[in-house]
Amino acid sequence: MNIVISEDDLVGPLREALLVAAVAGMSGALRVTGDPGGTIHLADGRVVGIDTPGAPGPEVLLLRSHRVSEPDWDTAFAAAAATGGPLGAELVKRGLIGSGELEVLLWTTVADAMFVLASGSVDEYRAEPGPVEFVLPLDPGAEADWLLAETARRLRVLESLPARPDRDRVVAVSGAERSGDRLAGGQSEILALADGRRTPRDLAFALGRGVYGTLLQLARMHEAGLLVTASYRAGFQFGARKTAHPAAGGKPVPADGLPRRSKDPAALARRVVPLGRTRDLPATLGLLRPRARRDADAGETP
Amino acid sequence: MSSLADSLGQVAALQGVRAAALIDIETGTVVRSVGAPRSGFPAAAASMADEARLARAALGPGEPGGDLDEIALVTDGQLHLSKILPTRPGGGLLLFVDLDRNQVNMGLASLQVRQLAPAVLA
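Residues numbered from 1 in each chain as written. Chains lettered and ligands numbered in written order. Predicted model: local features only at pLDDT ≥ 70, side-chain atom pairs only at ≥ 80, totals over all residues.

A few points about the overall build of chain A
The cut-off we apply is this: In this description a helix means any DSSP run of H or I spanning at least four residues, a strand means any run of E spanning at least two, and both kinds are numbered starting from the N terminus. Three classes are used. A residue is buried when 20 or more other C-beta atoms lie within 10 Å of its own, exposed when 12 or fewer do, and partly exposed in between, with C-beta atoms placed from the backbone. By definition, residue pairs are in contact when their C-beta atoms, positioned from the backbone, come within 7 Å.
Within chain A, the regular secondary structure consists of twelve helices and eight strands. Within chain A, buried positions represent 44% of all 302 residues. A separation of at least 24 residues holds for 73% of the contacts in chain A among residues at least 6 apart in sequence.

Side note on the domain arrangement of chain A
Residue and element names in this part refer to chain A. Just so we agree on the cut-off: These domain limits were set by an automatic method or by a database of domain assignments. The classification used treats Ala, Val, Leu, Ile, Met, Phe, Trp, Tyr, Cys and Pro as nonpolar, Asp, Glu, Lys and Arg as charged, and all other residues, Gly among them, as polar.
Split into domains, chain A comes out as domain 1 (7-162 + 238-297) and domain 2 (169-231). Of the residues lining the interface, 17 residues belong to domain 1; the matching set on domain 2 comes to twelve residues. Those elements that place two or more of their residues in the side of domain 1 that touches domain 2 are helix H3 (58-64), helix H6 (99-119) and helix H7 (144-160). Class assignment for the residues of the side of domain 1 that touches domain 2 results in eleven nonpolar, three polar and three charged.

Observations regarding unusual backbone geometry
All names here are of chain A. A cis amide bond links Asp35 with the next residue in sequence, Pro36, at an omega value of 10°. Checked against the element boundaries, Pro36 lands in the loop between strand E1 (28-35) and strand E2 (38-43). Between Asp139 and Pro140 the backbone carries a cis peptide bond, its omega angle lying at 0°. Structurally, Pro140 can be placed in the loop between strand E4 (121-129) and H7. Backbone geometry at Asp44 places phi at a positive 50°, although glycine is not the residue there. Of note, Asp44 is situated in the loop between E2 and strand E3 (46-51). For His66, which is not glycine, the phi dihedral falls at a positive 65°. By the secondary structure assignment, His66 is in the loop between H3 and helix H4 (70-83). On the basis of neighbour counts, which here come to 11 C-beta atoms within 10 Å, the residue His66 falls in the exposed class.

Now the structure itself:
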């Protein structure tokens, strides 16, 4: 029997969650438990930011790429915290980044994090309506339709690649840096860091780049013979999320035997829009996170 | 309205423009678009990003001609202008403009897009 994976299956259970949240115009957080898991921040049903240990956020991208220096970031951060104004507006006002450029960065960061969440495993998700708590929110946020279509496109592209170094530690081939072929943009930086200890995720964090863009670059470099796999590691494989396959009778069963969420749409709607619900997490203002903690969040995979 | 949508709207207001979009060269993602893009536009955008990346490898920084600045693709009825917008982090963006060739002067259209391009990321 041929099993056809539809677009819905490609993105996985988060598709349904995002669409319901969009229809309900939900504001707050969608907490995703799994590997790597994370939190999807929503405003009026649109995704304004995603926190996940699997992909670098806008702060990491700006600082690690040296687009914004740490002292400039800290000064803007302190000024925004003091006035209660948005950090993004403060960065633009200080001439550290253009308004359009920041918007592009936030769109691509949200797409990257969603791709990483959808590539991993989702054990459970929980909606927590409330105020938006994200340091650099996209305003207006990304529409669920756009985000899901882009995630599906990325997963399809990844499936089609001949070389997929998605969870492996990679190492530069001896002499690759001095090879006669001219290296494309960003490849020499990867070669310098590909020491056999870093995964694609580690490289993305270290270089201040998106995970998906890094994976594409690594695949090209593998194909060009510039990199080899040093060792395989435990962890989820991008684009190879465990999918519930139809069993006899047409009902989906878990691929791994673990408990799954209910697919009852009515139950889902009730879970996503629990009016008057008390939040069970403290409404910690992300802006007040100390510098050291923020840096620690961007650490390498052990 | 977002800053990007506003800037792209100005590009789309040029004579003969059918659609305008910002495409991330590194990932092929259509970040924003305005106007009426053709069906299958995301796949076409990814191809354009590939094309820009390959052209840059041949004509990129360090080469005698300098970095790639613009790609023009011309058919009987269409003119596609793709202007490179450098960004960091990332491999830059394509400001892609789909024009009706029968309504525009190619040189003038290129000049107009070039004049509006810097404001897109500002």
